[in-house]
Amino acid sequence: MSRDTLDPPVAHPHHATPGRSRRTTRRPTRHTRAAVGLLLPFLTLFALCFLAPLGYAVHESLHRTERTGPLGLGGEHDVFAGLANYTHALADDRFLTGFARVLLFGAVQIPLMIALATALALLLESASARGVPFFRTAFFLPYGVPGVIASILWGFLYVPGISPLVTLAQTLGRHVDFLARGTVLWSIANIVTWQFTGYNMLVLIAQLKAVPSELYEAARIDGANAWHTARYIKIPLIRPALTLTCVFSIIGTLQLFAEPMVLRPLASAIDSGYTPNLHAYSEAFVGNNQHLAAAEAVLLALAACVLSFGFLRLAGGHGTDRR
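Residues numbered from 1 in each chain as written. Predicted model: local features only at pLDDT ≥ 70, side-chain atom pairs only at ≥ 80, totals over all residues. Heavy atoms only, no water.

Draft legend 1. Structural view of the nonpolar core. Grouped together as the largest cluster of nonpolar side chains are 24 residues, with contacts concentrated most on I114, A121, M201, L204 and L208. Counting only elements with at least two residues in this core, the list comes to α4 (93-124), α8 (184-209), α9 (213-221), α10 (226-237) and α11 (239-254). Examining the composition of this core, we find that eight residues originate from one element, α4, more than from any other. Apart from residues no more than four positions distant in its own chain, L204 is found in contact with A117, T118, A121, I238, A241 and L242. In this structure, W154, V184, A269 and Y274 belong to the second largest nonpolar core, which totals 19 residues. (Core = buried A, V, L, I, M, F, W, Y, C linked by side-chain atoms within 4.5 Å. Buried < 20%, exposed > 50% of the residue type's maximum accessible area, 1.4 Å probe, protein only. Helix = DSSP H or I, 4+ residues; strand = E, 2+ residues; numbered from the N terminus. Contact = heavy atoms within 4.5 Å.)

Draft legend 2. Spotlight on the packing of aromatic side chains. In total, this model carries twelve aromatic pairs according to the counting rule given. Here F134 and F135 contribute two aromatic rings whose centre-to-centre distance is 5.2 Å and whose plane-to-plane angle is 75°, an arrangement assigned as edge-to-face. Among the residues examined, F134 registers a relative accessible area of 59% and is labelled exposed. Of the residues examined, F135 reaches a relative accessible area of 36% and is grouped as partly exposed. A centroid spacing of 5.2 Å and a plane angle of 35° characterise the contact between Y158 and F178, whose relative ring orientation is tilted. (Phe/Tyr/Trp six-rings, centres within 6.5 Å; stacked < 30°, edge-to-face > 60°.)

Draft legend 3. Geometry of helix α6 (residues 147-158). Along its twelve residues, α6 runs 16 Å from first to last C-alpha, staying within 8% of the 16 Å computed at 1.5 Å per residue. Among the residues of α6, G147, A150, S151, W154, G155 and Y158 are the ones counted as buried. Looking straight down α6, one finds that the buried residues subtend no more than 140° of arc, so they occupy a single side. Those residues of α6 that are buried are in contact with α7 (164-171), α8 and α12 (258-263). (Expected span 1.5 Å × (residues − 1). Arc of directions from axis to C-beta.)

Draft legend 4. Highlighting the confidence of the model for the protein. Looking at the protein, pLDDT values average 86 and 86% of them are 70 or higher. Note on residues 1-6: pLDDT is under 50 here. Beyond four places in sequence and across chains, it has one contact. Note on residues 13-17: pLDDT is under 50 here. Beyond four places in sequence and across chains, it has zero contacts. (pLDDT = per-residue confidence, 0-100.)

Draft legend 5. Spotlight on the environment of M201. Tracing the sequence through the fold places M201 in helix α8. Sequence separation between M201 and T245 is 44 residues; the distance between their C-alpha atoms is 9.2 Å. With sequence-adjacent residues up to four places away left out, M201 is seen in contact with A117, L120, A121, L124, R136 and F139.

In structure tokens:
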């Protein structure tokens, strides 16, 4: 037999290269079109629901309403005002006081809520926990109650004369006023904590379920008790979820609106500038100054971005140092 019969036919590289190159060039194109097709609905909603309102708010914040004619009765039109609305907002003592109030609110309420959510998540994920589905649903149930309804429900528990809590305190010889100037902020903090602790708990439980069970078994073999396992294994491994819940809580704190708005008719201490969001709402729909309200809303959004990214950088820096 000749050598030509034994050797298998070999394709000439000149003939294989064009087909391979064509497939190589077509494949990224198909993948790119598929990726764009999948991202297009999200990008469209993101542009319509976030970028467009934000851009409109910035546009409104850079204008002011000018009235013409005698006594301003000749009509009104918008003129460019530059940064005048921002300067006016930053010079408003009520707006700055409300902003400082929500910062104090967050500095106290967020750590307490996250600590409570972490404790509940660790308890429900412990090996000896019983009735986990029931308690998980019970703790999460307040999150399903809208903020306005939750504020109304707690308002009945705060108002003297109809509140069983106030009546019980008076029976015990204690005078309690949940809506006084010095306590109403913490009454609002109680509503927010009651409503969102269960949500944060579920986020932490989801992270705990992703921890390999082999780590717990190894810790048990090494003689670690439940406290050591929670402190040195569970809590460090759910650190990303803790960071996420803290960022959400920071943003939610700066947006505080529904609770003081509902409790305002019940508490004389809550005025139209009690929180920055409430102040912007009052400027827009009571004072009919939507341009100033837009500037305050933009400032509030910038503050939320700065605080959120600052906390993320701080949390990331601690994680790097620890490693």
